[in-house]
Amino acid sequence: LRTSEEQFKQLANATWEAVVIHDKGVLLQVNDLFSEMFGYSGEEVLGENVLNQIFTNSSMENIRKRIETDDLSYYEAEGVRKNGNVFPIEVRVRKILFQNRDVRVAAIRDLTERKEMEQQLTQSQKIEALGTLAGGIAHDFNNILSAIIGYSELLLLGHDKGSPTHN
């Protein structure tokens, strides 16, 4: 049993996501990455319903509905670190049997880096579109100028350089 429990803890800590086992919000088990991600030690949260502390108020309504309706689909939310910083997360949930009761295991991934990259990509796409627009306008303006310069040169052919109409 000890070996099995140790293997379970090693597996839970080997993932790149915070892993939380909860029964209707009461935390039964958390991995080390949960503590790193949210700033709470296992001792601070085990046996407690801390969902209001680790999720924003706007995310809590959705989470409560999911717990009440047994919704296990993937969703995004906003997490809150112990220091109060809000950050984007994605949550995937499964039902499991843990300590002889049906509970949920949630894998929580920090999306901060992904959201920043998406924002940079969007910004780059906007700049690219602006560059394409500016290039198109410059090309059209150049076409107009080419016609003006061409007609001006044709007009100059009909006038001597010393004549008042040449200037």
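The structure we're discussing is the one just above.
Just so it is clear, the structure is predicted and the values come from calculations on it, not from any experiment. (Residues numbered from 1 in each chain as written. Predicted model: local features only at pLDDT ≥ 70, side-chain atom pairs only at ≥ 80, totals over all residues. Heavy atoms only, no water.)

1. Some words on the nonpolar core
Among soluble globular proteins, nonpolar side chains are generally buried collectively. Rules: In these notes, a set of buried Ala, Val, Leu, Ile, Met, Phe, Trp, Tyr and Cys residues joined through side-chain atoms within 4.5 Å is what counts as a nonpolar core. Buried, partly exposed and exposed residues are distinguished by accessible area as a fraction of the type maximum, computed with a 1.4 Å probe on protein chains only: under 20%, between the cut-offs, and over 50%, respectively. Working definition: helices are DSSP H or I runs of at least four residues, strands are E runs of at least two. Numbering for both runs from the N terminus. The contact criterion used throughout is that any non-hydrogen atoms of two residues lie within 4.5 Å.
With 24 residues, the main nonpolar core has Phe-34, Phe-38, Ile-54, Phe-55 and Ile-108 as its most contacted residues. Elements with a contribution of two residues or more to this core: strand E1 (18-23), strand E2 (26-30), helix H2 (32-38), helix H4 (51-54), helix H5 (57-69), strand E3 (75-80), strand E4 (86-98) and strand E5 (101-110). At four residues, the largest contribution of residues to this core is made by E4. In this structure Ile-108 touches Glu-17, Ala-18, Val-20, Met-37, Phe-38, Ile-89, Glu-90 and Val-91, once residues within four positions along its chain are discounted. By size, the runner-up hydrophobic cluster in this structure holds six residues, among which are Val-19, Ile-21, Phe-98 and Val-103.

2. Overview of the pattern of salt bridges
Note the cut-off: Throughout this description, the term salt bridge denotes a Lys or Arg side-chain nitrogen within 4 Å of a carboxyl oxygen of Asp or Glu.
Applying the stated criterion across every chain, the model contains eleven salt bridges. Residue Glu-90 is joined to Arg-109 by a salt bridge in which the shortest nitrogen-to-oxygen separation is 3.5 Å. Separated by 19 residues along the polypeptide, Glu-90 in strand E4 and Arg-109 in strand E5 bring together distant segments of the chain. Residue class for Glu-90 comes out buried when judged on its relative accessible area of 4%. Each of the salt bridges in this network shares a partner with another, and the network as a whole consists of Glu-17, Glu-90, Arg-109 and Arg-114.

3. Looking at the environment of Asp-71
Relative to the helices and strands, Asp-71 resides in the loop between H5 and E3. On the basis of relative accessible area, Asp-71 is assigned to the partly exposed category, the value being 27%. Residues Asp-71 and Val-93, spaced 22 residues apart in sequence, show a C-alpha to C-alpha distance of 8.5 Å. Setting aside residues no more than four positions away along its own chain, Asp-71 makes contact with Arg-66 and Arg-104.

4. Observations regarding the pairing of E3
So the rule is basically this: By this definition, two strands are paired if DSSP reports at least two bridges between them.
Relative to E4, E3 runs antiparallel, the two being bridged by six bridges. Looking across to E4, one finds that Val-80 is bridged to Val-86. With antiparallel pairing between neighbouring strands as the criterion, E3 and E4 make up a hairpin whose turn holds five residues, including Gly-84 at a positive phi of roughly 95°.

5. Looking at unusual backbone geometry
Phi at Gln-99 takes a positive value of approximately 55°, unusual for a residue other than glycine. Structurally, the position occupied by Gln-99 is in the loop between E4 and E5. You can call Gln-99 exposed: its relative accessible area is 55%. For Asn-100, which is not glycine, the phi torsion reads 65° and is therefore positive. Looking at the secondary structure, you find Asn-100 in the loop between E4 and E5. On the accessibility criterion, Asn-100 (76% relative accessible area) is exposed.

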